[in-house]
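What follows is each chain in one-letter form.
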Amino acid sequence: MNNKKLFIITGELSGDKHASLVVQHLRNTRPDIEIEAIGGENLKKLGVKLFVDHSHAHMSAMGLTPKILFDHITLGKRVVDYLKNEFKPDLVLLIDYGGFNLNISKFLKKAGIKVFYYIPPQIWASRKWRIKTVKKNISKVMTIFPFEKEMYEKEGIDAQFVGHPLITQMPPKANRDEVFEKYGLDKNKKLISIFPGSREFELYYLMKTFLDAAKLIQQKRNDVQFVVAQADSLDDKLFKKYFKDSDLKVIKHDNYSLLSASDALMLASGTVALEAALYTTPMIISYKGPWFAYLVYRLVRCINRVCLPNIIMDKDIVPELLMSDSNPKVISQHLIKILDDEQYRNNMIEDLSKVKAILSRHEAANEVAQILSEALQQA
């Protein structure tokens, strides 16, 4: 009997990490499966044969320059030819990386190759018409949010909620005293950590607003201290130019400690809100940009909320302070309410605990491995 063959396509470091966890679980139950991939270091360490190492293929390069576009098209053509004519997999698993993977799914379908998708593109946040591409080309979708499963099933797509990979990848809650000691913080003061985003345009639109909100709180309270988390992706020089009038402490490479040891958080909208929810730390999320871009976003989204904990619970747990509400006065009022109103704070913590419970019922990589194992058994 021939060994079953699986090919995995990832496009960046996080996808490579998710893929390696799936492969580890899969090998525990089905060591006979032959696996090749487009991946990186994590898959390579497991001895998976890489068709392309994406750290060399600039797959995680930002933007869509003609060169990147050309490289992606060339790579797509090469991989489809290889799968169709040489490797001939029983199943291809796409992981995240929506632009490239959705496009390649069309050609894989044409070649008669069965395709599953783990961590599908967030069509609920924008470009909902992409669900048609999924329906046409993907045999099964493994979602990381429960509301995604409902959305896909409504369209007649075979979908299964497998849990969120963050659950098993995040470190345990940090020890508050140790964090305060490490960064010279005052243990008698409350801590608000500021996360202004990981992209340059987020700093441009949000940093001044966040720093001004911190100033307003400091004027009213002497029992609160602030730190600012600098994303690894942001250059020091770029970050420092926003601190001409501020002496707040900037902390790098320690997001999880700050998310778990803070009394409250001031966050740019994004995955960080979900990470904060998993530590049940009270927060506000804020976002602003050009009005035109915001209006376009309102047209293309298909869910009315922005913050992932709110979307998961279908309830306003965390204040979403967007556009004109993203101003120092409104932000500072909401944060002071979190610090002072015990009932409000406890309700938010309780709701965030429910978000954590919903996502923690599953271990994503293990469930994906089981689904693949069963599908390959039948192939």
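Keep in mind that this is a model prediction, so the values were computed, not measured. (Residues numbered from 1 in each chain as written. Predicted model: local features only at pLDDT ≥ 70, side-chain atom pairs only at ≥ 80, totals over all residues. Heavy atoms only, no water.)

1. Concerning the overall build of the chain
Selection rule: Helix numbering and strand numbering both begin at the N terminus, where a helix is a DSSP run of H or I of at least 4 residues and a strand a DSSP run of E of at least 2. Based on C-alpha atoms, the radius of gyration is set beside the globule rule, defined as 2.2 Å times the residue count to the power 0.38. Relative accessibility thresholds used throughout: buried, under 20% of the residue-type maximum; exposed, over 50%; partly exposed, between the two (1.4 Å probe, protein chains only). Throughout, a residue-residue contact means that at least one pair of heavy atoms, one from each residue, lies within 4.5 Å. Surface accessibility follows the Shrake-Rupley procedure with a 1.4 Å probe radius. Residue values consider only the protein chains on display as shielding.
The helix and strand inventory of the chain stands at 17 helices and 13 strands. Here the chain has a C-alpha radius of gyration of 22 Å; the compact-globule value for 379 residues is 21 Å, and the two agree. Along the longest, intermediate and shortest principal axes, the C-alpha atoms of the chain span 75 × 40 × 40 Å. Buried residues in the chain amount to 53% of all 379 residues. Restricting to contacts in the chain with at least 6 residues of sequence separation, those with at least 24 account for 66%. Carbon and sulfur atoms form 51% of the exposed surface of the chain, whose accessible area is close to 18400 Å².

2. Quick notes on the sheet that holds strand E8 (residues 190-195)
What holds strands together in a sheet is hydrogen bonding between their backbones, with the strands either parallel or antiparallel. So the rule is basically this: Whether two strands pair depends on DSSP finding at least two bridges between them. With axes taken as lines fitted to C-alpha atoms, and helix axes fitted only over the stretch in contact, angles between N-to-C directions fall between 0 and 180 degrees.
Spatially, the six strands line up as an open sheet ordered E10-E9-E8-E11-E12-E13, and their pairing is parallel. The open sheet has two edge strands with one neighbour each: strand E10 (249-252) and strand E13 (320-322). On average, adjacent strands in this sheet sit at an angle of 25° to one another, irrespective of strand direction. Where strand E11 (residues 264-268) and strand E12 (residues 283-287) come together, four bridges link them in parallel fashion. Along E12, the bridge assignment pairs Ala268 with Ser286.

3. What to know about the packing of helix H15 (residues 328-340) against helix H16 (residues 342-360)
Rule in force here: Orientation categories follow fixed angle ranges, with anything under 35 degrees roughly parallel, anything over 145 roughly antiparallel, 65 to 115 roughly perpendicular, and all other angles oblique. Residue classes follow a fixed rule: Ala, Val, Leu, Ile, Met, Phe, Trp, Tyr, Cys and Pro count as nonpolar, while Asp, Glu, Lys and Arg count as charged, and any other residue, Gly among them, counts as polar.
Put simply, H15 and H16 touch, their axes get as near as 6 Å, and they point 90° apart. Taken together, the axes of H15 and H16 are roughly perpendicular relative to one another. Contact with H15, carried on its side by His334, Lys337, Ile338 and Asp340, involves Glu342, Tyr344, Arg345 and Met348 of H16 and no other residues of that element. Split by residue class, the contact of H15 with H16 holds three nonpolar, one polar and four charged.

4. Re the packing of aromatic side chains
Stated precisely, the cut-off is as follows: Any Phe, Tyr or Trp ring, taking Trp's six-membered ring, that has another such ring centre within 6.5 Å forms a pair; planes under 30 degrees apart are called stacked, those over 60 apart edge-to-face, and the others tilted. By the criterion adopted, a ring carries a charge over it if an Arg CZ or a Lys NZ lies within 6 Å of its centre and within 35 degrees of its normal.
The full count for this structure, using the stated rule, is ten aromatic pairs. On the basis of an interplanar angle of 25° and a centroid distance of 4.9 Å, the ring pair of Phe51 and Tyr82 is categorised as stacked. Placement of the pair is Phe51 in strand E3 (residues 49-53) and Tyr82 in helix H3 (residues 66-87), with a sequence separation of 31 residues. Note on Tyr256 and Tyr279: the rings are 6.3 Å apart at their centroids and 65° apart in plane angle, and the pair reads as edge-to-face. Taken together, the positions of Tyr256 in helix H11 (residues 255-261) and Tyr279 in the loop between helix H12 (271-278) and E12 put the pair 23 residues apart, joining distant regions of the chain. Accessibility expressed as a relative area gives 27% for Tyr256, which makes it partly exposed. For Tyr279, a relative accessible area of 5% gives the class buried. Members of the aromatic cluster, each reached through a chain of ring pairs, are Phe7, Phe51, Tyr82 and Phe87. The cationic tip of Lys337 hangs over the ring face of Tyr344; the distance from NZ or CZ to the ring centre is 4.3 Å.

5. Overview of the pattern of salt bridges
For clarity, the cut-off: Every case where a carboxyl oxygen of Asp or Glu lies within 4 Å of a side-chain nitrogen of Lys or Arg is listed as a salt bridge.
Enumeration over the complete set of coordinates arrives at 21 salt bridges. We note a salt bridge from Lys187 to Glu181, for which the minimum N-O separation is 3.0 Å. The class for Lys187 is partly exposed, based on a relative accessible area of 41%. The class for Glu181 is exposed, based on a relative accessible area of 58%. Here Asp316 ties to Arg305 by a salt bridge, and the two come within 2.7 Å at their closest N and O atoms. On the criterion of sequence distance, the pair formed by Asp316 in the loop between helix H14 (308-313) and E13 and Arg305 in the loop between helix H13 (291-300) and H14 is long-range, its members being eleven residues apart.

6. Quick look at the sheet that holds strand E7 (residues 159-161)
One open sheet holds the seven strands; their spatial order is E3-E2-E1-E4-E5-E6-E7, and the pairing between them is parallel. Looking at strand neighbours, the two that pair on one side only are E3 and E7, the edges of this open sheet. Here the average twist between neighbouring strands, direction ignored, is 15°. The pairing of strand E2 (residues 34-39) with E3 spans four bridges and is parallel. Within E3, the residue paired with Glu36 across the bridge is Lys49. Along the sheet, helix H4 (residues 98-110) contacts strand E1 (5-9), strand E4 (91-95) and strand E5 (115-118); its crossing angle with E4, the most-contacted strand, is approximately 160°.

7. What to know about helix H17 (residues 364-378)
Our working rule: Helix span is expected to be 1.5 Å times the residue number reduced by one.
Look at H17: 22 Å from first C-alpha to last across 15 residues, which is about the 21 Å you get at 1.5 Å a residue. Listed in full, the buried residues belonging to H17 are Ala364, Ala365, Glu367, Val368, Ala369, Ile371, Leu372, Ser373, Ala375 and Leu376. Buried positions along H17 lie against E1, helix H1 (13-29), E4, E5, strand E6 (140-143) and E7.

8. Notes on the pairing of E2
Applied cut-off: Convention used here: a crossover is right-handed provided that the path from the first strand, over the helix, to the second strand proceeds clockwise when the strands point away from the viewer.
In terms of residue burial, E2 counts as a mostly covered element, since five of its six residues are buried. As judged from the five bridges shared by E1 and E2, these two strands associate in the parallel manner. Within E2, the position partnered with Phe7 by the bridge is Glu36. Between E1 and its parallel partner E2, the chain crosses via H1, and the hand of that crossover is right-handed.

9. Some words on H15
We count it as follows: N or O atoms within 3.5 Å of each other form a polar contact, as long as, within protein, one can give a hydrogen and the other can take it, and as long as residues adjacent in sequence are counted only when both atoms are side-chain atoms.
For H15, spanning 13 residues, the distance from its first C-alpha to its last is 18 Å, which sits close to the expected 18 Å at 1.5 Å a residue. Turning to H15, its buried residues are Val330, Ile331, Ser332, Leu335, Ile336, Ile338 and Leu339. For H15, the N-terminal cap is Asn327; the gap from its side-chain oxygen to the backbone nitrogen of Lys329 is 3.1 Å.

Nothing here speaks to function; it is all geometry.
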